[in-house]
Amino acid sequence: MSKFLKYLFISIISFFAVIFIAAAAIIMSSGDEIKEAMVKELNRSIGGNLIIQGDLHFAFFSHFPNIALELNSVELYGSETALETPFIKAERVYLLAGIWEVLTGNWNIKSTMIENGEVNLLRNENGQINYQFGQEEEGVNGEAAYAIAIEKALLKNIRFKLEDEIADILIHLSVDDGKLRGNFTSENLSVKATGNIHSHSMRIKDVDYAQDKEISFDGSLGVTHGQESYLLAIERFFVENAQFAIHGSITMDENEPVFDLAVRGKNISMREIPSLMPVQYIESLQGIKGNGSLQLAAEVKGKLGANTSPMLTVAIGVSGAAIEIPGIDHNITSLSFKGTFTNGAKQSLSTSSLTVANLTAKTKQGVLDAGFTITNFNQPHLKVNAEGKVDLSLFSKFLDNESRLREMRGIVEFKKIKYNGKASELANFQLNGLEGSVSLRQVQLKVDTMRIEIFEGTLESYQKSLTIEQLAMKLPGSKFVVNGKLTHLPVMSSKKSKNVPQVELDIKAESIDVRSIMAMLSAGESTQQSSAQPLTMNGTVKLTSNFVGFNRFKAYDASCVVNLSGNIIDVKDFSCNTMEGILDVNTRIELAGNKMKTTTHAEGSGINIKELFYQLENFNQNTITEKHVNGKLKFKSDVKAEFVNGTLNEKTLTAATDLTITDGQLVGFEPMEKLSKFIAIEELQNIRFSKLQNNISIANQTVSIPEMLIQSNALNLSV
């Protein structure tokens, strides 16, 4: 019996082998007819235009009991009205079918492999597509005229291109090794695919979201050409080692894409984030890198059009991360926070908001705890809570190009800091809404083009008051230490505040350059601002300085007390050594709108006249300059004047000066040399007199010089 069964089995196998060989022989001998029948049947089924330009080969035994058909130089086009670009073009296509199905012409293809080819889904600006295929009449149940089911397809070196000129979408991918299965009918294309691909471009509306990126995925794509919709369901989506899941659809509404997408990311490496961002946005990171991982959940819903944007919401979580910032000699470590972003109800910058909560991090200086919210990205409004110690250079890269503050570095310690106001106002030192304590150490700032150094100091802002403790600063030409308190300053109060600012300051300076301080205070002010109501204050400022300079003017060992009372400024007992003598001044300044009235009493003794002319820039005339005069001046003077927008109204200038000049000289004064016909030219070139005394007054734009006798080495004059 065993022998019988053995022989029977061999006989059956032999019979089927003979049948298979016979069938193979028939197929081999009928290759051209089979090729022609297959092309005709497929074209009839799909309503397209399949062209096999190369040969057709058969492999009978490698896939027994099925037959593998090798098609060379294959192109599949849409219907006659479609674009000329083929839907599929391949160097080789392998089809796996049963031997009986090949013999009978019933092309039930079980699997296929496509090598060295391309797949194109195109829609041009006129609305023509290349994946539209002709339809025969619908069946009784309204089914599509044709349907092809692909159980298994292998892709080798295939380029995929989806280009929609109307929606401005371009997706360009290449697949070295992939798998797919799906259905292709006259109504839609549905593909389930897995593989590794290289993204050359994923551009939507001029933003390329995946330029030259390596992607691994397991998901599906559905295209319904009647509704111009693209359906995505990607379970596993790796971009440069970052894993995502994407679900949703992209449909077309009046030739504009409408998104309904959900994106989830788990354990995304922060180091990979720059590689995930669109090329246009990478520069904004300015080389910043990170370590650690984050969790991501995002949704995109709505239409992307010329005047509309989809609703975008993003939630991220970070724990135990580290940040590397170029130019900073230390990293931010142990970084953790939760963040959310939305572009708001109107899907615009004005309704966008970013919130970062429970932010903790370690820096070289210590631990930082903070949280912040930014709303209205057109005119960002900032709400901050912070405590810790940081290096300001961490934030220098994020300064607004429009703000006066250009650079900053140095150590700042925050204590219970709170801020609620516009980011632009904070960058321009408008401190309304800021509370807390800040200690500064070795801080360097660049405001406009001016550099400011703060060696140390503490600022405390509470209830509209700013307390200053040992603030040691250096400006160009100025170095001083400030202590005191400022209350209700405009930079700390709302614009509608009616409170008069209160000032109590004690300033001890090594040097003060008045010009640079005025330039810093006036920088950025418009003409309209400069003519507005001047700032009025109440309080006292005590000042002592080893040196005070203003243009050429130089004063040493200066001291004064400035009393502020509303629109009146009293400079009391200003005393200094200057021009080799001593100067004492008392001045009252009255402010009214764009006008300023001054009343000054000044006394000086031992003043070098040459230095007087030089340091006061020859009183803005060049007839008699510091080259022509010499001697010592003693004077008492009372001067009144009015200024409009900072310019002297000459009609209002009045002065009474009692002056005495001793050991005077008039050197090289050309008008006097014209008397050389009567007096030796040598004496006229250096006229010396021992004493000159008079009372000179100014009123009604007239300088009155009472008669005085000048007795000199060259001549005696009555002037």
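For clarity, every value in this text was computed on a predicted model and none was experimentally measured.

### Looking at the packing of aromatic side chains
Applying the stated criterion across every chain, the model contains two aromatic pairs. A ring pair is formed by F547 and Y556, whose centres lie 5.4 Å apart and whose planes are at 55°; its orientation type is tilted. Take F547: its relative accessible area is 23%, and that puts it in the partly exposed class. Considering the side-chain rings of F613 and F619, the 5.2 Å spacing of their centres and the 85° angle between planes classify their relative orientation as edge-to-face. The exposure class assigned to F619 is partly exposed, which follows from its relative accessible area of 44%.

### Quick notes on a nonpolar patch on the surface
Among the surface-exposed residues, V703, I705, L717 and V719 lie close enough to one another that they form a single nonpolar patch of about 310 Å² accessible area. When you line up the elements, I705 lands in the loop between β35 (702-704) and β36 (709-711).

### Some points on the nonpolar core
Here is a general trend for soluble globular proteins: nonpolar side chains tend to be buried in one another's company. Within the largest apolar cluster, 86 residues are counted, with the highest numbers of intra-cluster contacts made by L445, I454 and L633. Setting aside chain neighbours within four positions, we find L445 in contact with L392, L405, E407, M408, M450, R451, I452 and I454. With 33 residues, the next largest nonpolar core counts L69, V93, V175 and M252 among its residues.

### Concerning the environment of N307
Its location among the elements puts N307 in the loop between β14 (289-303) and β15 (311-324). In this structure, the C-alpha to C-alpha distance between N307 and S348, residues 41 residues apart in sequence, is 9.9 Å.

### A word on the pairing of strand β19 (residues 381-391)
Sheet analysis places strand β18 (residues 367-375) next to β19, joined by eight bridges and oriented antiparallel. Bridging from a neighbouring strand, D369 pairs with E387 of β19. Where β18 folds back onto β19 in an antiparallel hairpin, the turn is made up of five residues, including N376, whose phi is positive at roughly 55°. Note that β19 and strand β20 (residues 405-422) share 10 bridges and pair antiparallel. Opposite K389, over in β20, you have E413 as the bridge partner.

### A few points about a negative patch on the surface
Together, D573, D584, E603 and D638 make up a negatively charged patch on the protein surface. On the secondary structure map, D573 appears in strand β28 (residues 568-578).

### Quick look at the side chain of S545
Take S545: it is sitting in strand β26 (residues 537-550). Engagement of the side chain of S545 in a polar contact is seen with the backbone oxygen of F547, the distance being 2.6 Å. Discounting chain neighbours no more than four positions away, the residues touching S545 are A509, E510, S511, I512, D557 and A558.

### Here we look at the pattern of salt bridges
A full pass over the atoms with the stated rule returns 12 salt bridges. The salt bridge involving K301 is made with D260; its shortest N-O contact spans 2.6 Å. Here K301 is found in strand β14, whereas its partner D260 is found in strand β13 (residues 256-269), with 41 residues between them in sequence. You can call D260 partly exposed: its relative accessible area is 38%. One salt bridge connects E580 with K632, and the closest N-O pair in it is separated by 3.0 Å.

### Quick word on unusual backbone geometry
If you check the backbone angles, S73 has positive phi at about 55° while not being a glycine. Position of S73 among the secondary structure elements: in strand β3 (residues 66-77). The exposure class assigned to S73 is partly exposed, which follows from its relative accessible area of 33%.

The rules behind each value
- Residues numbered from 1 in each chain as written.
- Predicted model: local features only at pLDDT ≥ 70, side-chain atom pairs only at ≥ 80, totals over all residues.
- Heavy atoms only, no water.
- Phe/Tyr/Trp six-rings, centres within 6.5 Å; stacked < 30°, edge-to-face > 60°.
- Buried < 20%, exposed > 50% of the residue type's maximum accessible area, 1.4 Å probe, protein only.
- Patch = residues over 30% accessible without salt bridge, like charges linked within 9 Å, V, L, I, M, F, W, Y side chains within 5 Å.
- Areas by Shrake-Rupley, 256 points an atom, 1.4 Å probe, with all protein chains shown as cover.
- Salt bridge = Lys/Arg side-chain N within 4 Å of Asp/Glu carboxyl O.
- Helix = DSSP H or I, 4+ residues; strand = E, 2+ residues; numbered from the N terminus.
- Core = buried A, V, L, I, M, F, W, Y, C linked by side-chain atoms within 4.5 Å.
- Contact = heavy atoms within 4.5 Å.
- Pairing = 2+ DSSP bridges.
- Lys, Arg positive; Asp, Glu negative; His and termini not counted.
- Charge placed at Lys NZ, Arg CZ, Asp CG, Glu CD.
- Polar contact = N/O pair within 3.5 Å; in protein donor to acceptor, adjacent residues only side chain to side chain.

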